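Survey of secondary and tertiary structure
Below, each chain spelled out in residue letters.
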Amino acid sequence: QVQLVESGRGLVQPGGSLRLSCAASGSIFSIDAMAWFRQAPGAEREFVAAIKWADGRTYYADSVKGRFAISRTYAKNTFYLQMNSLKPEDTAVYYCAADGSTTTLVSLRRADYWGQGTQVTVSS
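Residue positions are counted from 1 within each chain, in the order its sequence is given. The model is predicted, so local features are restricted to residues of pLDDT at least 70 and side-chain atom pairs to those at 80 or more, both for listing and for counting; the totals for chains, interfaces and linings are taken over all residues. Where side-chain values are given, they derive from all heavy atoms of the structure, hydrogens and water being excluded.

What about the side chain of Thr78?
With respect to the element layout, Thr78 can be found in strand 8 (residues 78-83). The rule is simple: take the accessible area with a 1.4 Å probe, protein chains only, and divide by the maximum for that residue type; under 20% is buried, over 50% is exposed, in between is partly exposed. Since its relative accessible area comes to 10%, Thr78 is described here as buried. Pairing of N or O atoms within 3.5 Å defines a polar contact, subject to two protein rules: one partner must be a possible hydrogen donor and the other a possible acceptor, and residues neighboring in sequence count only if both atoms are side-chain atoms. Among the polar contacts listed, one links the side chain of Thr78 to the backbone oxygen of Lys76, at a separation of 2.9 Å. Two residues form a contact once any of their heavy atoms are found within 4.5 Å. With residues near it in sequence (within four places) discarded, Thr78 still touches Ser21, Cys22, Ala23, Trp53, Arg72 and Thr73. In this text, helices come from DSSP runs of H or I with a minimum length of four residues, and strands from runs of E with a minimum of two, each type numbered from the N-terminal end.

What follows is the structure, given as structure tokens:
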């Protein structure tokens, strides 16, 4: 089992920045990749970004390319989502996720493990 704990929720003005963190514990050895998803009110959950744990390869949704950056600190079993140039349409509950397969996360947009979610609101 893998446990994921998020931090970094907040209210930000349009154009602002925010960084989310996700700390992983448990059977980290079983993880191939970690990702961020988000779900806005009344909308389906959508993929945001993913990072392959071993080599740091990254994947992004078109809607966040050039604005968001996913990274990890291998020694701390923690990964991050740096969000810049935030827009009101980025408002959502953000979930970190992990899976034993990068393909499952990136292509199938599914995961075995999920964090509890953290609210990000972009508003003036």
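A word on the state of the cysteines
Any two cysteine sulfur atoms within 2.5 Å of one another count as a disulfide. Enumeration over the complete set of coordinates arrives at one disulfide. Residue Cys22 pairs covalently with Cys96 via a disulfide, S to S 2.1 Å. The S-S bond linking Cys22 to Cys96 shows a torsion near 55 degrees; that makes this disulfide right-handed. You can see Cys22 sitting in strand 3 (residues 18-26) and its partner Cys96 sitting in strand 9 (residues 92-99), a full 74 residues away along the chain. Taking the relative accessible area as the measure of exposure, Cys22 reaches 0% and is therefore buried. A relative accessible area of 0% means that Cys96 is categorised as buried.

Quick notes on the packing of aromatic side chains
Only Phe, Tyr and Trp rings are paired, with Trp represented by its six-membered ring, and only when their centres lie within 6.5 Å; those with planes under 30 degrees apart are stacked, over 60 edge-to-face, the remainder tilted. Tallied over the full model, the rule gives four aromatic pairs. Plain terms: the ring middles of Phe37 and Phe47 are 5.7 Å apart, the flat faces sit at 80 degrees to each other, and that makes the pair edge-to-face. One end of the pair, Phe37, is in strand 4 (residues 33-39); the other, Phe47, is in strand 5 (residues 46-52), with 10 residues separating them in the sequence. Of the two residues, Phe37 and Phe47, both sit in the buried class.

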